[in-house]
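Chain by chain, the residues:
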Amino acid sequence: EELVDRYGEIPSSVLGLIDIALIRSIADSMGIYEIKQNKDTINLFVKNIKNEKLIKLLYDANGKATLNVVNKPCIIIKASDISNPLSSLKELFGL
């Protein structure tokens, strides 16, 4: 609200950048160091799989996420809308 009061209506591209910054911050706090999109999945590469926040994330994903520990450990997310991966990440991280 304060941004809108001061600068007027916020462009959707700026809101997208804010969402990305929030997702990166939340991901970093969970030990996620890299996010990559594949064809119909999003891979979240993790530093340590024994992390309570990551375990809760997997549990809360309701079957949309699996843990892969081959090579680089990562969480694989089945994107609900692959044309808009940001919306899938926002949903996953509760934004």
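The preceding data block contains the structure.
What this report covers is the structure whose coordinates are included nearby. Please read these numbers as outputs of a predicted model, since none were measured by experiment.

## Thoughts on the environment of Asn-38
- Within the fold, Asn-38 resides in the loop between β1 (32-37) and β2 (41-46).
- Measuring from C-alpha to C-alpha, the distance between Asn-38 and Ile-76 comes to 9.8 Å, with 38 residues separating the pair along the chain.

## Examining the packing of aromatic side chains
- Applying the stated criterion across every chain yields a total of 1 aromatic pair.
- Pairing Tyr-33 with Phe-45 gives two aromatic rings, centres 6.4 Å apart and planes at 45°, and the pair type is tilted. Taken together, the positions of Tyr-33 in strand β1 and Phe-45 in strand β2 put the pair 12 residues apart, joining distant regions of the chain.
- Assessed through its relative accessible area of 40%, Tyr-33 is described here as partly exposed.

## Here's the deal with helix α4 (residues 85-93)
- Buried residues of α4: Ser-88, Leu-89, Leu-92 and Phe-93, and no others. Buried residues of α4, viewed axially, fall in a sector of 120°; they line one side.
- For α4, the elements touching its buried residues are α2 (12-29), β1, β2, α3 (52-60) and β4 (74-78).
- In the segment just after α4, Gly-94 is the residue with positive phi, at about 70°.

## Considerations on the pattern of salt bridges
- Within the structure shown, the criterion is met by 2 salt bridges.
- Between Glu-34 and Lys-36 there is a salt bridge, with its nearest N and O atoms 3.5 Å apart.
- Judged by relative accessible area, which is 42%, Lys-36 ranks as partly exposed.
- Among the ionic pairs, Glu-34 bridges to Lys-72, the shortest N-O distance being 3.3 Å. Of the two residues, Glu-34 is situated in strand β1 and Lys-72 in the loop between β3 (65-68) and β4; the sequence distance between them amounts to 38 residues.

Reading the values: the criteria
Residues numbered from 1 in each chain as written. Predicted model: local features only at pLDDT ≥ 70, side-chain atom pairs only at ≥ 80, totals over all residues. Heavy atoms only, no water. Helix = DSSP H or I, 4+ residues; strand = E, 2+ residues; numbered from the N terminus. Phe/Tyr/Trp six-rings, centres within 6.5 Å; stacked < 30°, edge-to-face > 60°. Buried < 20%, exposed > 50% of the residue type's maximum accessible area, 1.4 Å probe, protein only. Arc of directions from axis to C-beta. Contact = heavy atoms within 4.5 Å. Salt bridge = Lys/Arg side-chain N within 4 Å of Asp/Glu carboxyl O.

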